[in-house]
Amino acid sequence: MKTVADVLSSATARLIAGGIDSPRLDAEILLAHVLNWRRLMLYVDAEKILPAEKILRFNELIARRLTRIPVAYLVGTKEFFGLNFAVNESVLIPRPETEILVEGVGEFLRGLGREVTFADLGTGSGAIAVSMLKFVPSARAAMVDISAQALQVAKFNAAKFGVEGRAEFFCGDMFAPLDGKIFDAIVSNPPYIPAADISTLQAEVRLEPRLALDGGADGLSFYRRIISDAPKFLSAGGLLAMEVGFNQAAAVKKILARDSRFSDIQTLRDLSGIERVVAAARR
Ligand code: GLN
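Residues numbered from 1 in each chain as written. Predicted model: local features only at pLDDT ≥ 70, side-chain atom pairs only at ≥ 80, totals over all residues. Heavy atoms only, no water.

K.L.:
I'd love a proper account of the nonpolar core, names of residues and values included.
P.N.:
Among the nonpolar cores identified, the biggest contains 34 residues, and Leu 178, Ile 186, Ile 227 and Leu 240 are the most heavily contacted of them. Breaking this core down by element, the ones donating at least two residues are β3 (116-121), β4 (139-145), β6 (183-188), α10 (221-229), β7 (234-243), α11 (249-257) and β9 (275-282). When near neighbours in sequence (up to four residues on either side) are disregarded, Ile 227 contacts Leu 240, Met 242, Val 252, Ile 255, Leu 256, Asp 259, Arg 261 and Phe 262. (Core = buried A, V, L, I, M, F, W, Y, C linked by side-chain atoms within 4.5 Å. Buried < 20%, exposed > 50% of the residue type's maximum accessible area, 1.4 Å probe, protein only. Helix = DSSP H or I, 4+ residues; strand = E, 2+ residues; numbered from the N terminus. Contact = heavy atoms within 4.5 Å.)

Structure below.
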C-alpha cells in the first residue's frame, strides 16, 4: 500500500540518481498528470493510498523522464503567458523569458488603437502568436512555420484558446509564403544556437527539434535573413521584434544599425536581466 508521499519520494530519489535537474518538481508534475490532480492536491492528500495501475503509469513516466525526455513532452503541455499550450516533439517548448516579447509587442500593437496585423515567423507551438492574439483582441496574425507538424500544433493551440478566427497559417520558410502582405509588426523567436554548440546543450534541449534551434555557424543566420527581408513586409512605423540568445543582442543591434531602413533600435531585458528581445521600427 503506497501513499502519494511514498511514490513521490521514491520517484524523486530515482530522478536524483539519474542526474535530473529538478527531481521533486518533475515527479510532482508527472504524478499530478497521471492522477489528473492539481499539484497542490499532492500535499493535501499526501497520505492517500494510490491504485496500483496509477503507480505503474507514473513509474513508466519516471523511466521515460530518466531518458531525458522533457516533462513538457511527457505531459503534452507547457504553460506560457498563463495559457496551457499543447506541445509535442515537433515544437520547441515555450520558455518563460519569451513572454517579454509578447508583452512588448502586444503593448505596441494595443497602442496603435485600431485593427492590427502581425506575422510570427517560426511559430512552432504558436505560443507567441496565440498569446498575442489573446492580449490584443484587435489583432490578426499570420503564423508561419517550415514544419507542417509544428503548424498542426499551432492550429490546435489557436483553436484551444479561441483565436483561430483571427489567425492564418502558412507552411514555408520565413517570409516565403507571405509575398505581398504588409504587417504592423513582425515577431520571431528564430533558431539561434550556433550549430557547433548544439552537441554541448543539455540532453533535454537536444531532444527538441533541431530545426527550431540551429542558427547556422554563428547562430545569427536567421537574424540576417529576417532583417534583410522584413522591410518589404512592414508598414511605415511597423515594428520588427526578435528574441535573441544570451550574448547576441549586440550583434543583432549592429546588423540593424547598418540598415538605413530601420530606426529606434531597442532591447528588452528578461527577468534575469539578460537582453532578450531586440526591436526596431521600419522608417
Ligand atoms: N531558448 C532556447 C534555448 O536556449 C533556444 C531557442 C531558439 O533557438 N530560438 O535552448
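K.L.:
Explain helix α4 (residues 52-66) to me, and be specific about the residues and the numbers.
P.N.:
Taking 1.5 Å per residue, 15 residues should reach 21 Å; α4 reaches 21 Å between its end C-alpha atoms and fits that length. If you check which residues of α4 are buried, you get Ile 55, Phe 58, Leu 61, Ile 62 and Arg 65. With its buried residues spanning 125° around the axis, α4 presents them on a single face. Residues of α4 that are exposed and angled more than 90 degrees away from the buried face: Ala 52, Glu 53 and Leu 56. Taken together, the buried residues of α4 touch α1 (4-17), α2 (23-35), α5 (71-75) and α9 (203-206). Looking at the residues trailing α4, positive phi occurs at Arg 68, about 80°. (Expected span 1.5 Å × (residues − 1). Arc of directions from axis to C-beta.)

K.L.:
Explain the sheet that holds β9 to me, and be specific about the residues and the numbers.
P.N.:
Here we have seven strands laid out as an open sheet, ordered β5-β4-β3-β6-β7-β9-β8, and mixed in their pairing. The outermost strands of the open sheet, each flanked by one partner alone, are β5 (167-171) and β8 (262-269). This sheet shows a mean twist of 15° between the axes of neighbouring strands, independent of strand direction. Along the sheet face, helix α6 (residues 99-111) touches β3, β6, β7, β8 and β9 and points at about 165° away from the line of β7. (Pairing = 2+ DSSP bridges. Axes fitted to C-alpha atoms, helices over the stretch in contact; angles between N-to-C directions.)

K.L.:
Tell me what's going on with the site of the ligand, and back it up with residues and numbers.
P.N.:
The ligand sits among Leu 92, Arg 95, Asn 189, Pro 190, Pro 191, Tyr 192, Ile 193, Val 205, Ala 212 and Leu 213. With respect to the ligand, the side chain of Arg 95 contributes an N or O atom lying 3.2 Å from an oxygen atom. In this structure, an oxygen atom belonging to the ligand sits 3.0 Å away from a main-chain N or O atom of Tyr 192. When the residues that make up the shell around the ligand are grouped by side-chain class, the tally is eight nonpolar, one polar and one charged. (Near = heavy atom within 4 Å. Polar contact = N/O pair within 3.5 Å; in protein donor to acceptor, adjacent residues only side chain to side chain. Nonpolar A, V, L, I, M, F, W, Y, C, P; charged D, E, K, R; others polar.)

K.L.:
With reference to specific residues and values, describe the packing of α1 against α2.
P.N.:
At a minimum axis distance of 8 Å, the contact between α1 and α2 shows a crossing angle of 130°. Classified by the angle their axes make, α1 and α2 are oblique. The handedness of the crossing between α1 and α2 is right-handed. In this structure, α1 contributes Val 4, Val 7, Leu 8, Ser 9, Ala 11, Thr 12, Leu 15 and Ile 16 to the contact, and α2 contributes Pro 23, Arg 24, Asp 26, Ala 27, Glu 28 and Leu 31. Taken together, the residues that form the contact of α1 with α2 break down as nine nonpolar, two polar and three charged. (Parallel < 35°, antiparallel > 145°, perpendicular 65-115°, else oblique. Left-handed = near helix turned anticlockwise from the far one by under 90°.)

K.L.:
Mind laying out the packing of aromatic side chains, listing which residues take part and the relevant values?
P.N.:
Note on aromatic pairs: each is described by the distance of the centres and the angle between the planes. According to the stated counting rule, one finds five aromatic pairs in the structure shown. For the pair Phe 81 and Phe 135, a centre-to-centre distance of 5.8 Å together with 75° between the ring planes defines the contact as edge-to-face. Residue Phe 81 is found in the loop between β1 (77-80) and β2 (83-86), and its partner Phe 135 is found in helix α7 (residues 127-135); the two are separated by 54 residues along the sequence. Judged by its relative accessible area of 23%, Phe 81 falls in the partly exposed class. Seen from their ring centres, Phe 175 and Phe 233 are 4.5 Å apart, and the 15° between their planes marks the pair as stacked. Placement of the pair is Phe 175 in the loop between β5 and β6 and Phe 233 in the loop between α10 and β7, with a sequence separation of 58 residues. Phe 175 gets classed as buried once you look at its relative accessible area, which sits at 4%. By relative accessible area, which is 3% here, Phe 233 ends up buried. Each residue in the set Phe 80, Phe 81, Phe 85, Phe 135 and Phe 161 is aromatic and connected to the rest through ring pairs, giving one cluster. Lying across the ring of Phe 135, Arg 110 places its NZ or CZ 4.2 Å from the centre. (Phe/Tyr/Trp six-rings, centres within 6.5 Å; stacked < 30°, edge-to-face > 60°. Lys NZ or Arg CZ within 6 Å of the ring centre and 35° of its normal.)

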